Amino acid sequence: MSNILIIGAGGVGRVVVHKCAQNSDVFKNITLASRTLQKCELYKKEVKERYNVDIKIESVDADSVEELIDLIQKVKPDMVLNIALPYQDLTIMQACLECGVHYLDTANYEHPDTAKFEYKEQWAFDKMYREKKITALLGSGFDPGVTNVFCAYAQKHYFDEIRTIDILDCNDGDHGYPFATNFNPEINLREVSSNGRYWEEGKWIETKPMEIKIVWDYPDIGKRDSYLLYHEEMESLIKHIKGLKRIRFFMTFSQSYLTHMRCLENVGMLDIKEVEHNGCKIVPIQFLKTLLPDPSTLGERTKGKTNIGIVATGIKENKERSIYIYNVSDHQKCYEETLSQAVSYTTGVPAMIGAKLMMEGKWIKSGVYNMEQFNPDPFMEELNRQGLPWFVKEL
Ligand code: NDP
């Protein structure tokens, strides 16, 4: 397998294209398709200049299964990397199924009219993917993605049984704007302004947005306020990690970010339902996206680091133990390499790695899978090779 079709030329898509071009011994034929051709043209030029790799570009509306099927039949890829938005997961999965090609994404399906993540609709493809003998790899970004692989690695090498997992996500970057989001503003703000949720002793416990806060000391960054959020990888990890009693997800936010977000929410700018405005219908959060800086332009001005990892506690040979596995990325270094800030970088690199392992036949089996269901070792090795080194600390 050597022929890939990448759909979505946003901030993350740019990193995926750069990293695939860097690994052109595996990805021999690369096609990038997106709604707006201009960004595809820009990224095509970048990879030609940087790596002397020629890629093909196409425009597509990934909300249309028919358009996707036409494109897949034209490009004839071995696999499709869905780097568009979570709204397109089901149409792209359907088109891959009908054409018999492998599928990968970085984010859980979300219905445009309901700010709720759930794997139900994507897992429902499992039987059909098995029958067609194709693979769907779900959530191959950082979180979800690398965090799932860290959990699988901890389970394989450090524990007989894991009891608790905390996923800890810190972005300490500063882009100099009063307010901007580091990935798609609509997806980001819908996620962050929703109720929190964690899982304990077999049931989900719901919290108000930002109700639970801890202060965590992130290596290479320092102590930061970290707020409990719901995050999609928890839904699959509770199924696949043996003996798990509790799992939580925390993300850092500055007071300034939270104040802006509350203010926007209070005036209705985060609403996802249409409103009438001067005779037109607009969705407030989509209008807000038009006003905010495009995340793919933040790279050059973002300074600082990210640190994302997991803390797992459990039992090994009848003794309690607790380990922390994490990666630290530097926004400016990511920019130098791929013209993108670290949030796009830490998502795009694992998307390329997931695709690489599929293309090499290491992570291929018929059906729909989350990341922790594959052997974590080759993925962990690739993280070190491809720019996301990780560390293990015994706590
Ligand atoms: P962007 O908004 O920057 O990019 C999305 C791209 O998809 C844009 O180029 C957009 O086109 C294109 N697109 C949107 N709708 C369609 C459509 N109907 N047909 C074709 N193309 C379309 O988002 P990001 O790059 O920041 O995020 C990409 C994905 O990565 C998202 O799903 C996000 O949730 C996920 N993500 C995952 C993370 C993880 O760790 N797992 C972390 C961060 C992000 P246009 O240019 O025309 O708008």
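For the structure itself, look to the data block above.
What counts, and where the lines are drawn
- Residues numbered from 1 in each chain as written.
- Predicted model: local features only at pLDDT ≥ 70, side-chain atom pairs only at ≥ 80, totals over all residues.
- Heavy atoms only, no water.
- Helix = DSSP H or I, 4+ residues; strand = E, 2+ residues; numbered from the N terminus.
- Rg over C-alpha atoms; globule rule 2.2 N^0.38 Å.
- Buried < 20%, exposed > 50% of the residue type's maximum accessible area, 1.4 Å probe, protein only.
- Pairing = 2+ DSSP bridges.
- Right-handed = clockwise from strand over helix to strand, strands pointing away.
- Expected span 1.5 Å × (residues − 1).
- Axes fitted to C-alpha atoms, helices over the stretch in contact; angles between N-to-C directions.
- Contact = heavy atoms within 4.5 Å.
- Phe/Tyr/Trp six-rings, centres within 6.5 Å; stacked < 30°, edge-to-face > 60°.
- Lys NZ or Arg CZ within 6 Å of the ring centre and 35° of its normal.
- Arc of directions from axis to C-beta.
- Parallel < 35°, antiparallel > 145°, perpendicular 65-115°, else oblique.
- Left-handed = near helix turned anticlockwise from the far one by under 90°.
- Nonpolar A, V, L, I, M, F, W, Y, C, P; charged D, E, K, R; others polar.
- Core = buried A, V, L, I, M, F, W, Y, C linked by side-chain atoms within 4.5 Å.

Draft legend 1. Quick peek at the overall build of the protein. A tally of helices and strands in the protein yields 14 helices and 18 strands. Against the 2.2 N^0.38 benchmark of 21 Å for 395 residues, the protein shows a C-alpha radius of gyration of 20 Å, consistent with a compact globule. Judged by the C-alpha coordinates and their principal axes, the protein covers about 55 × 55 × 40 Å. Out of the 395 residues in the protein, the part that is buried amounts to 59%.

Draft legend 2. Looking closely at the pairing of strand β2 (residues 29-34). Counting buried residues along β2, 5 of its 6 residues qualify, which places the element largely inside the surrounding structure. Direction of pairing for β2 relative to strand β3 (residues 56-59): parallel, over a ladder of 4 bridges. In the strand pairing of β3, alanine 33 is matched with glutamate 58. The handedness of the β2 to β3 crossover, carried by helix α2 (residues 37-51), is right-handed.

Draft legend 3. Structural detail: helix α7 (residues 146-157). Its 12 residues place the ends of α7 16 Å apart at the C-alpha level, agreeing with the 16 Å of an ideal helix rising 1.5 Å per residue. Residues Val146, Thr147, Asn148, Val149, Phe150, Cys151, Ala152, Tyr153, Ala154 and Gln155 constitute the buried set of α7.

Draft legend 4. Looking closely at the environment of glycine 361. Its place among the elements puts glycine 361 in the loop between α13 (342-359) and β17 (367-370). Taking the C-alpha atoms as reference, glycine 361 lies 8.4 Å from methionine 1; in sequence the two are 360 residues apart.

Draft legend 5. Up close: the sheet that holds strand β1 (residues 3-7). With respect to topology, 7 strands assemble into an open sheet ordered β3-β2-β1-β4-β5-β6-β17, the strand pairing being parallel. Since the sheet does not close on itself, it has two edges, and those belong to β3 and β17, each with one partner. This sheet shows a mean twist of 20° between the axes of neighbouring strands, independent of strand direction. Running at roughly 150° to β1, helix α3 (residues 65-75) makes contact with β1, β2, β3 and β4 (79-82) of the sheet. Of the strands in this sheet, β1, β4, β5 (102-105), β6 (135-138) and β17 touch helix α4 (residues 89-99), which is tilted by about 165° from β5.

Draft legend 6. The arrangement of the packing of aromatic side chains in detail. This structure, assessed with the given rule, holds 15 aromatic pairs. Seen in terms of ring centroids, tryptophan 363 and phenylalanine 379 are 5.2 Å apart; in terms of plane orientation they differ by 25°. Their pairing is stacked. Of the two residues, tryptophan 363 is situated in the loop between α13 and β17 and phenylalanine 379 in helix α14 (residues 376-385); the sequence distance between them amounts to 16 residues. Each member of the pair, tryptophan 363 together with phenylalanine 379, is buried. Cluster of aromatic residues (ring-pair linked, three or more members): Phe179, Tyr227, Phe253 and Tyr257. The ring centre of tyrosine 230 lies 4.1 Å from the NZ or CZ of arginine 197, which sits over that ring. Taking the ring centre of tyrosine 177 as reference, the NZ or CZ of arginine 301 above it sits at 3.7 Å.

Draft legend 7. Spatial organisation of α2. Relative to the 21 Å expected for 15 residues at 1.5 Å per residue, α2 spans 21 Å between its end C-alpha atoms, a close match to the ideal helical length. Of all the residues in α2, the buried ones are Cys40, Tyr43, Glu46 and Val47. Along the axis of α2, the buried residues cluster in a sector spanning 125°; they form a single face. Along α2, the residues that are exposed and aim more than 90 degrees away from the buried face are Gln38, Lys45 and Glu49. Looking at the buried positions of α2, the neighbouring elements they touch are α1 (11-22), β2 and β3. Looking one or two places after α2, you find asparagine 52, whose phi comes out positive at around 55°.

Draft legend 8. Spatial organisation of the environment of glutamate 191. Along the polypeptide, glutamate 191 turns up in helix α8 (residues 185-192). Distance from glutamate 191 to phenylalanine 117, taken between C-alpha atoms, is 8.8 Å for residues 74 residues apart in sequence. Once you skip the residues sitting within four places of it in the chain, glutamate 191 turns out to touch Phe117, Phe183, Leu229, His231 and Met251.

Draft legend 9. Just the packing of α8 against helix α11 (residues 284-291), in detail. Look at α8 against α11: their axes get within 9 Å of each other, and the N-to-C directions meet at 125°. Judged on the interaxial angle alone, α11 and α8 are oblique. In this structure, α8 meets α11 at a crossing whose hand is right-handed. The residues of α11 that touch α8, namely those facing Pro185, Glu186, Leu189 and Arg190, are Ile285, Gln286, Leu288 and Lys289. Here the residues of the contact of α8 with α11 sort into 4 nonpolar, 1 polar and 3 charged.

Draft legend 10. Up close: the nonpolar core. With 88 residues, the main nonpolar core has Ile6 and Ile165 as its most contacted residues. With 26 residues, the next largest nonpolar core counts Ala33, Tyr103, Tyr129 and Ile134 among its residues.

Purely geometric numbers; function is a separate question.
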